[in-house]
Each structure stands twice: as C-alpha cells, then as structure tokens.
Amino acid sequence: MPNIQRLKNLSGQAHIVGVGESNKLGKVPEKSPLAHHSEAAINALNDAGMQMSDVDALFTAGWSTLDVGEYLGIQPRYTDSTSVGGSSFVIHVAHALAAIAAGYCEVALITHGQSGRSDRAPIPRNPGTPMAQYEAPYGILGPPVSYAMAARRYMHQYGEDRTRQAMAEIAISTRKWANLNPMAYFKDVPATFDDYHDSRWVAWPFHLLDCCLVTDAGAAIVITTPERAKDAKNGSVTILGAGEGHDHSGISQMPDLTRAFGRNTGPQALEMAGVTHSDLDLAMIYDSFTYTVLVSLENLGFCEPGEGPDLVASQRTAPGGDFPLNTNGGGLSYTHPGMYGIFTVVEAARQLRGQAGERQLEDCNLAVAHGTGGLLSSTGTVVLGAN
Amino acid sequence: MTNTTPKPEPLPQPESDRYWEGLKNEEIWLQRSKATGKFQFYPRQISISDPESGSCGVEWVQVSGNAELFTFSIVHAAPHMGWVGETPYITALVQLEEDVIVPTNIVGIEPEPEALQIGMALKPVFDHNEGRQTLLKFTPA
C-alpha cells in the first residue's frame, strides 16, 4: 500500500514550469503525430524559458520514448513510457515528481502527439489478447460501446432519467466553456439541451453529444526542481499530490461498472496534498464521455456514489457556476486526439498561473486533474497548487 | 451495398483452445478454482482466486449457459468496417449462473431499449460461421 507519510514528504518537490499545445488542433492532416509532439515540446519549453538542451528526462505514451527522443534529437538520462491509455500523461506528472525528488533528473519533458482524425496508419491489434478474443468479435470494440454499457448499468442502479439529465448538463456546460477557448474545436458552436437530446445515437444510451471529439493534437509539460522553478519565465505550479492505478483492461472485466479506480487515486492524491474537496477551485476531469465525468466525480469523493447527478445539476459546472469543471471545453468540445489526459494538466496549470484568457477563474489556487485511460481501466490523479 | 470487410476474428491461445473447441460442439466450458470453487471468465493459466496453485489450481467444468442480462448498449455507429450495414445491434454483458460476466450479443430481439430489461433471463445461442470460430450469443429464455 502507498506510504502516505513518505508521499507527504514528496509533496511539492517538483514544479510545472511550462505547458503548451501543438500549434494547430482539430483537423491537421498536414502534420504527423510526431510533428505534434515536437511543436508542443517547443511551445512548453518556450513557456518555461528553457531550451531542448535543458531536458534530461523524457516521458510519453502511445509512442516509445525511443522514437520521440530520437525525433526531438535529445538523449535523456531518465525515461518513462508508461502507457495505460489517456491517463498516462497525468501519471507521468507523478512519475516526474518522484524522479526529480530522487535525483534522477532535473528537467522532465512530457510530450503527447496523436493524429486521431488524420493518422495515415491504422492502429495494429493482436487478435490473441483477451479483449480481441472475447469482446471484439461481438462488436465490443472502441470506447463508445464499452463506456455506454457502463453508463447503462449506472442508470439501472441510480435512475435513468436523472442520469440522462446529468449527462446533458455536463455536455452543455462543457460546451459553454469551449465557447470561451480560442483553441477549442467548438469555439464558435454553441449547444442547447435540445441539441443534446436531438443528436443522433452513437451507442445507446450515448447521444453524439455524450461523446468526445476525435481530433489531431499534441501537448507538452515541463517539470523541474523547486530551485530551478524560481527562474520560470511565466511562473510555476507546485505538484502537491498524486495517485495512479488500474483494475482491468476490457470492460467485461471491470469489477464495478459504476466505480472506477479514481476511488483510490482521488483520496490518495488529496491526502498526500493535505487538502480536502472544499479547498479545490477547479476540477479538470477527463471527459471521454459525459458518463466518465459523472462517475469520476463520485470516485474522487466529491459526492457519494449515485449523487453525481445532484452535484452537476442546474449548470453549476458552467462558466459563472460555483463548481468550475473542464474550463478548456474538455475532450467533449475542445480537443480529443485519443489520449487526452495531458490536456487536463495543461489547463489546470494555466488557470493556476492566471493565464486562461477569457475563461480565467477569479480565484484559482488549487486544482485537481484526473485522467481516465482505456475502458474506464486506469486512472491518474494529481493535485496542483498555485505559487 | 454488401459489406465485405470481415469482423475481427479471435485467435485462440493455448489456455483458451478448450473454450473455443467447446463452442464448436455447442458446449460451454468454464474454468473453476479447485480451492475456492469460484468460476472465472476468461480462461487463464492460473485461477485469479487462488493464483499460488498455478495451473494445477484450475479445472474445466461444462455449464448450462443460463444467464441474466447485466447491462447492454445498442450500437448505432459501427465501430469497425465489419459492422457497417449491420447496425443497430445489441452488445451486452451477461451474468451466468456461475457468477461470471461474459461479453456478448443479444439476438432474436428488436434492438430497442424498451425490448431489454436488466435482469431478464437469457439462454445461449451458438453462432456458427463457416471457417470461423463459433461465437457464444444469447437470446431471451
């Protein structure tokens, strides 16, 4: 089991000093996934006031650090290719904290790049894996089908109508935030509750507006020691708490379709940070689907199981509401290239540094970023604090 | 337009050959832990309720396939070219009498939410495809 006392000693021993996206998000057929990695890396390093030659540790998922390091022309002394789906990059933040505190490295670069919409190569699959043997032949493949079956079970346990209303609330409030983000895919496309209910079925109970975008995008994060963070060009954010883990791969093996691993990573991250839910000013929750947000908020402990629909009621999570959620517009309305998790940390860092433009929260000192990967399989949670 | 893209074909592994061979004969074989009596799906080299006994800890047992609907989705957007022209179709997780969850399709019923009730009784259907593995599907009992 995690040693909370040692984790508390680790809290705060590394800072995020740079974040960035690739130059263009959305439909970008003219750029490869590795091009997105490289653009985002340069933008994050510029944000930190650093150069590629400062980097001595590389973290990525989807791609091997071998490929990304070679493409960037760097020779890292510490690397981590932990790849457990879209939560991986949130987990990398925690791993970078531990590696820096242990002395393995001083400047950690986390990169992401994916052409979910325009990639020229299909994703290769091994037909002998358990998921390929027992789920894929039945058309249980790709995220919407699996998450939809989990959502249907939640409806059975906690009520179909209130679950439906909660999913609509999340879709619409997230779109309102996207309307304030110049980088958002749906920047200029408002959506109403009628639009939600009228949108086509993807995999019942999911409407189209329950589902994330499929885009081309990249992002990167630079993390360093508290000492070097003093020189950060645009300020820094302290990494206060973290948790990670997983409990299945395929959806049919999930121990409880209404309780993901955030039930462990959320409480651990908050305890390590020494904070409680009421201290948090911002929740950045991976929204592959509206249901992912609903179940994640419960898992993290913002409310009891089954109470999520009350938590997100009446547009509390929209701009101007008292529970700011996914202020970049999320995977639902900003960007979602396939493994979106890194963008939750990028936005949290911007809000905590007061650099979120029109969507900037008035008083943002403490944020939680929570990634979910695979088929509700893995989670990574970090608690970040303003300096 | 006829869809000619094949659906993904499972590739049985040494520990799952018996499961897939059983389906060809319209038999359902599951693994059970000798020590705990717990069934598991899918077949593994070890029992996950008694891993220390290794491969000696599991035995194969033929079961009825009687099941209840645990959850489902009605898929409208084909997730793979193999299903283009075959939507909507019903995916489900069903709970066998032996307390294991099995991913499957529900067939012989309209793909409408109103036609499906969680907890409804189901029985197995063996879907034989020429030159391909037999799939275990379910229909209302």
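Preceding block: the structure.
Residues numbered from 1 in each chain as written. Chains lettered and ligands numbered in written order. Predicted model: local features only at pLDDT ≥ 70, side-chain atom pairs only at ≥ 80, totals over all residues.

**Looking at the sheet that holds strand β4 (residues 107-115) of chain A**
All names here are of chain A. So the rule is basically this: In short, DSSP must find at least two bridges between two strands for them to pair. By definition, any uninterrupted DSSP run of H or I lasting at least four residues is a helix, any uninterrupted run of E lasting at least two residues is a strand, and each is numbered from the N terminus. Orientation is described by axes fitted as lines to C-alpha atoms, over the contacting stretch for helices, and by angles from 0 to 180 degrees between their N-to-C directions. In this description, a residue-residue contact is defined by the distance between C-beta atoms placed from the backbone, which must lie within 7 Å.
Read from one edge of the open sheet, 9 strands run β3-β2-β4-β7-β1-β8-β11-β10-β9, paired in mixed fashion. On the outer flanks of this sheet lie β3 (78-80) and β9 (282-285), each paired with one strand and no other. Geometrically, the sheet is characterised by an average inter-axis angle of 20 degrees between neighbouring strands, direction not taken into account. Alignment of strand β1 (residues 15-21) against strand β7 (residues 216-224), held across 6 bridges, turns out to be antiparallel. What sits directly across from E21, in β7, is A219. Sheet strands in contact with helix α2 (residues 33-48) are β1, β4 and β7, and its direction is about 40 degrees off that of β7. Its contacts with the sheet put helix α3 (residues 65-72) on β2 (57-60), β3 and β4, and the angle it makes with β2 is roughly 125 degrees.

**Things to note about unusual backbone geometry**
The omega torsion of the bond from F41 of chain B to Y42 of chain B falls at 20 degrees, within 30 degrees of zero and hence cis. Checked against the element boundaries, Y42 of chain B lands in the loop between β2 (39-40) and β3 (58-63). Backbone torsion omega between T87 of chain B and P88 of chain B reads -5 degrees, so that peptide bond is classified as cis. Within the element layout of this structure, P88 of chain B appears in the loop between β4 (67-75) and β5 (89-96). Its identity as a non-glycine residue notwithstanding, S314 of chain A has a phi of 55 degrees, on the positive side. By secondary structure assignment, the location of S314 of chain A is in the loop between α12 (308-311) and α13 (330-334). The backbone of Q315 of chain A shows a phi angle near 60 degrees, a positive value even though the residue is not glycine. Here Q315 of chain A lies in the loop between α12 and α13.

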